[in-house]
Amino acid sequence: EQRVAHRDLQPGVRHRPDARVGAEDERARAHARHQIARVVLDLALRREFDYQIPEALAHRVEVGARVRVPFGAGSRLGVVVSLAATSEHASLKSIEKVIGEQSLLTRNVLELARWMAGYYCCSVEAALKSVLPEAVRKEEAQWRERLYAYALPPERDGGPALTTRQQAVWNILEEWRELPLQELVRLGETTAETVRKLEDKGYLILAPRREERDPYAHERFLPTTPLVLNAEQASALEAIRGAMGPSEAPAAGSGAESSRTFLLHGVTGSGKTEIYLQALELALAQGRGGIVLVPEISLTPQTVERFKARFSSGPNRTLVAVLHSQLSAGERHDEWHKIRQGRARIAIGARSAVFAPVDPLGVIIVDEEHESSYKQEEAPRYHARDVAVVRGQREGATVILGSATPSLESYFNAKRDKYRLLELRHRVTDTRLPVVRIVDLRLERRPERGGGPSIFSVPLREAIQQRLERSEQTILFLNRRGFSSSLQCESCGYVAGCPHCSVSLTFHRRAQEIRCHICGHAAAVPGQCPQCANPRIRYSGLGTERVEDALHALFPKARVSRMDTDTLKRKEDYRRVLTEFRTGRIDVLVGTQMIAKGLHFPNVTLVGIIHADLALHLPDFRAGERTFQLLTQVSGRAGRGDVEGEVFVQTFTPFHPAIQFARRHDYEGFYDQEMEFRQQLRYPPLARVALLTLKGRNDDKVKFAAEHLARTLSDRLSGWKDLILAGPAPAPLARAEAFYRHQILLRTRAMARLSQELAAVEGELTLPEDVKLGIDVDPVDLS
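The present account deals with the structure reproduced in this document. If you're wondering where the values come from, they're calculated on a predicted model, not measured in any experiment.

Quick notes on the rules
Residues numbered from 1 in each chain as written. Predicted model: local features only at pLDDT ≥ 70, side-chain atom pairs only at ≥ 80, totals over all residues. Heavy atoms only, no water. Helix = DSSP H or I, 4+ residues; strand = E, 2+ residues; numbered from the N terminus. Axes fitted to C-alpha atoms, helices over the stretch in contact; angles between N-to-C directions. Parallel < 35°, antiparallel > 145°, perpendicular 65-115°, else oblique. Left-handed = near helix turned anticlockwise from the far one by under 90°. Contact = heavy atoms within 4.5 Å. Nonpolar A, V, L, I, M, F, W, Y, C, P; charged D, E, K, R; others polar. Expected span 1.5 Å × (residues − 1). Buried < 20%, exposed > 50% of the residue type's maximum accessible area, 1.4 Å probe, protein only. Arc of directions from axis to C-beta. Salt bridge = Lys/Arg side-chain N within 4 Å of Asp/Glu carboxyl O. Pairing = 2+ DSSP bridges. Phe/Tyr/Trp six-rings, centres within 6.5 Å; stacked < 30°, edge-to-face > 60°. Polar contact = N/O pair within 3.5 Å; in protein donor to acceptor, adjacent residues only side chain to side chain.

1. Observations regarding the environment of G349
Tracing the backbone shows G349 in strand β12 (residues 346-349). Residues G349 and V292, spaced 57 residues apart in sequence, show a C-alpha to C-alpha distance of 6.5 Å.

As structure tokens, this is what we get:
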């Protein structure tokens with residue numbers, strides 16, 4: 001009996017027998033009515049299959065359950081999407097196995113997956129794969145168990161005699177009462193065999209015990225309490241509190257859904273995170289949970305720490321679960337199940353955390369809602385921000401979209417009262433926004449060398465020197481890694497290009513290789529021009545590696561560190577560098593966009609943007625918007641302490657509107673100017689866009705298929721006045737990973753209807769076997 005009792009122990013699991021019994025009774029009643037399960041398999045067949053529910057599994061089969069079923073000559077995994085009393089098929093096979101202790105999908109998330117499949121033109125199977133993490137979806141995914149030794153109460157008359165070594169081991173276990181077998185063996189300087197002999201003599205028992213893989217198990221978070229809000233914050237929170245009323249989902253068309261979606265537009269440092277924290281507290285007080293979405297590059301230890309410190313201290317340590325790509329498969333499995341079991345009430349993570357099985361759901365927070373990383377690049381190509389809004393509407397949850405530089409789509413929705421606009425115009429500490437100085441690189445050329453400008457303009461170089469003398473910190477931003485962006489022959493003009501993509505290869509000096517940042521192709525640096533044998537090959541352009549080297553040369557005593565994907569190979573590297581920067585062991589931090597947001601360091605008084613034009617002239621209608629957002633976000637890292645911040649923006653186009661409005665921190669001015677341009681060409685947010693990309697190994701085949709598809713669409717949609725069809729044309733990135741690419745762009749105000757039409761065309765379309773079609777609804781990248 002003792003052995004069984006210990007085997008059932010699961011530390012941290014709250015057993016709720018009454019609720020469990022109630023759920024089992026409900027399942028039994030459902031089975032009495034429904035004996036057929038409709039299953040979607042892990043195959044893109046776009047069909048549901050009927051299976052008989054065997055009596056032995058009746059109490060475990062429910063909507064959302066993961067099951068193994070016979071299919072063809074073998075068996076497949078699938079998800080139960082509905083239950084039925086009858087089937088149109090006379091003879092049905094039976095479900096073989098139910099995976100897991102409970103259903104993996106809630107009904108709400110299952111219905112959300114169905115909506116995604118329809119809107120984003122993908123199969124329900126593909127949508128379900130996005131909703132369920134692979135670490136949870138796999139049949140073999142299990143909790144980790146370790147063998148524990150548990151001390152038993154000593155017998156009254158004393159137990160069997162022990163050897164000296166056995167007595168020493170027993171003394172240790174008697175003191176600790178329970179220990180992992182491996183730990184007991186280590187402390188007792190003995191073997192597992194000795195411990196097993198103690199079990200045979202009745203002094204202890206050995207039993208497996210579930211151990212959760214907590215990525216933050218060794219972290220200690222100092223508890224924090226809610227801060228006193230200023231007038232702007234208090235007003236915003238009060239509006240959110242008013243919306244977080246009844247938990248029932250609003251009726252469709254009631255208008256209530258719009259009042260529960262907020263756009264929190266606050267300047268950098270205005271205290272948006274504290275509003276998030278207090279909104280989560282409101283949800284918890286109502287017995288509901290919350291989801292916090294953060295861009296992957298902003299999911300820093302500093303960000304996680306703020307939420308863990310507020311909600312996961314003391315006895316409620318597992319109240320917050322974290323989901324992101326840097327977790328191991330086991331950690332992701334355990335964190336996800338904490339949420340599904342209701343032990344973690346708050347989920348914080350990157351894009352896919354929008355599907356976290358928080359139930360009931362009270363609030364969804366999307367921080368930096370303008371970030372393009374919320375868009376999934378493979379099917380289903382969903383946008384987590386938009387999915388969050390739809391999920392909030394369906395589940396009666398409040399949705400808070402926060403940003404210092406909102407996307408034009410979200411701000412447009414707020415202007416039309418589809419969302420409620422909340423504004424924070426001042427920094428929470430009453431510090432002033434940093435002074436932004438524009439440096440015209442056209443005037444910084446070096447006539448003595450006859451070349452272009454140096455990496456650091458004279459004003460920026462002097463500003464860095466001043467910060468070093470005052471023991472203040474500097475951040476230098478360049479959104480391009482590597483040493484040089486290309487290798488070019490001065491004699492014949494040859495440029496080292498990727499054999500698989502239509503881009504040049506980037507030179508990485510430390511690795512002594514040239515590398516493609518699209519497909520990863522790498523090669524040794526040529527000693528001479530492969531085309532004309534000229535030994536003089538010039539390195540053109542610059543990256544963060546070159547900036548770091550230049551800093552060491554100019555300021556040899558400065559402590560410089562670099563943050564990009566080349567330097568951060570392990571998941572603890574990010575935390576280590578930020579800790580060193582926070583504690584003042586780094587004077588100058590150089591990095592790509594991963595340092596542009598989510599960082600709060602009061603001693604940073606200078607930000608230098610090395611080259612502000614990198615994304616400004618790309619063939620994308622969002623180029624100006626992205627540049628404005630990035631400049632504003634990076635600038636916001638400066639002046640968060642007592643000393644006023646200063647920002648230097650180095651650019652060849654100083655009078656571009658995106659740069660000038662960013663200099664003045666004028667979002668409304670940029671919005672008005674940019675909307676005039678969007679209005680003329682009917683680009684989002686004044687219309688919606690669908691991007692169709694065809695790719696294949698043979699350029700002629702792809703071009704022919706694209707022209708055929710364009711004719712098919714033109715004929716099918718010829719009477720549609722609210723539709724603009726552009727293309728086909730070669731994609732801006734005409735070749736990627738050895739695939740040639742052609743595109744068709746569709747613009748309309750009725751995207752739901754267009755999605756249905758595109759899904760129908762895709763189902764009827766016959767393409768060459770080696771040509772693939774990708775449909776991207778609401779794309780954020782047109783390359």
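The rest of the description comes next.
2. Observations regarding the packing of helix α22 (residues 699-716) against helix α23 (residues 751-764)
Put simply, α22 and α23 touch, their axes get as near as 11 Å, and they point 130 degrees apart. Comparing the axis directions of α22 and α23 gives the class oblique. Considering the relative orientation of α22 and α23, their crossing is right-handed. Here α22 contributes L709, T712, L713 and R716 to the contact with α23, which in turn contributes E757, L758, A760, V761 and E764. Across the contact of α22 with α23, the residue classes tally to five nonpolar, one polar and three charged.

3. Focus on helix α6 (residues 164-176)
Along its 13 residues, α6 runs 19 Å from first to last C-alpha, staying within 8% of the 18 Å computed at 1.5 Å per residue. For α6, the full list of buried residues reads Q166, V169, W170, I172 and L173. Around the axis of α6, the buried residues are gathered within 160 degrees of arc, so they sit on the same side. For α6, the exposed residues set more than 90 degrees away from the buried face come down to T164 and E175. In this structure, the buried residues of α6 make contact with β6 (144-151), β7 (178-180), α7 (181-188), α8 (192-200) and β8 (204-211). Looking one or two residues past α6, R177 carries a phi angle of roughly 75 degrees, positive in sign.

4. Details of the pattern of salt bridges
For the structure on display, the rule yields 46 salt bridges. Linking D50 and R38 is a salt bridge whose minimum nitrogen-to-oxygen distance equals 2.9 Å. You can see D50 sitting in strand β2 (residues 49-52) and its partner R38 sitting in strand β1 (residues 36-41), a full twelve residues away along the chain. A relative accessible area of 24% places R38 in the partly exposed class. Salt-bridge contacts for R114 lead to E111; the nearest nitrogen and oxygen are separated by 3.7 Å. Of the two residues, R114 and E111 both sit in helix α3 (residues 107-119), three residues apart, roughly one turn of that helix. Assessed through its relative accessible area of 28%, R114 is described here as partly exposed.

5. Looking at the packing of helix α9 (residues 231-243) against helix α11 (residues 272-285)
Orientation of α9 relative to α11, taken along the N-to-C sense of each, is 30 degrees, at an axis distance of 10 Å. Taken together, the axes of α9 and α11 lie roughly parallel to each other. As α9 packs across α11, the resulting crossing turns out to be right-handed. On α11, the residues touching Q233, A236, L237, I240 and R241 of α9 are E274, I275, Q278, A279 and L282.

6. Topic: the sheet that holds strand β22 (residues 513-515)
Across the sheet, which stays open at both edges, the three strands sit in the order β21-β22-β23 with antiparallel pairing between neighbours. The outermost strands of the open sheet, each flanked by one partner alone, are β21 (506-508) and β23 (522-524). Strand-to-strand twist in this sheet, taken as the mean axis angle between neighbours without regard to direction, amounts to 30 degrees. Of the strand pairs in this sheet, β22 and β23 are connected by three bridges, and their pairing is antiparallel. Bridging across to β23, E513 finds its partner in A524.

7. A few points about unusual backbone geometry
The peptide bond linking A379 to P380 adopts the cis configuration, its omega dihedral lying at -5 degrees. Topologically, P380 is positioned in the loop between β13 (361-367) and α14 (384-395). Phi is positive for S471, which is not a glycine, with a value near 60 degrees. Tracing the chain through its elements places S471 in the loop between α16 (458-469) and β19 (473-477). The backbone phi angle of R682 is positive, close to 55 degrees, even though this residue is not glycine. Turning to its location among the elements, R682 is positioned in the loop between α21 (667-681) and β29 (688-696).

8. Topic: α3
Taking 1.5 Å of rise per residue, the 13 residues of α3 would be expected to cover 18 Å, and the 19 Å separating its terminal C-alpha atoms lies within 8% of that figure. Among the residues of α3, those classed as buried are V109, L110, L112, A113, M116, A117 and Y119. Contacts from the buried residues of α3 go to β4 (74-84), α4 (124-131), α14, β29, α23 and β32 (771-777).

9. Points about the environment of N603
Along the polypeptide, N603 turns up in the loop between β26 (588-591) and β27 (604-609). According to the relative accessible area criterion, N603 is partly exposed, its value standing at 33%. Between the alpha carbons of N603 and S471 there is a distance of 8.7 Å; along the sequence they are 132 residues apart. If near-sequence neighbours (up to four positions away) are discounted, N603 is found in contact with S471, E472 and Q473.

10. Observations concerning the packing of aromatic side chains
Under the counting rule described, the total for this entry stands at 18 aromatic pairs. Relative to Y671, the ring of Y411 has its centre 4.8 Å away and its plane inclined at 70 degrees; by these criteria the two rings are edge-to-face. In this pair, Y411 sits in helix α15 (residues 408-415) while Y671 sits in helix α21, placing the two residues 260 residues apart along the sequence. Taking relative accessible area as the criterion, Y671 reaches 6% and is therefore assigned buried. Ring geometry for F621 against Y683: centres 4.4 Å apart, planes inclined by 5 degrees, an arrangement best described as stacked. Of the two residues, F621 is situated in the loop between β27 and α19 (623-635) and Y683 in the loop between α21 and β29; the sequence distance between them amounts to 62 residues. On the basis of relative accessibility, which here comes to 16%, the residue Y683 falls in the buried class.

11. Some points on the side chain of S270
Considering the arrangement of structural elements, one finds S270 in the loop between β9 (261-266) and α11. Owing to a relative accessible area of 1%, S270 belongs among the buried residues under this scheme. One polar contact links the side chain of S270 to the main-chain carbonyl oxygen of V267, over a distance of 2.7 Å. Sequence-distant contacts of S270, that is, excluding residues within four places in its chain, are made with Q233, L424, H426, R427 and V428.

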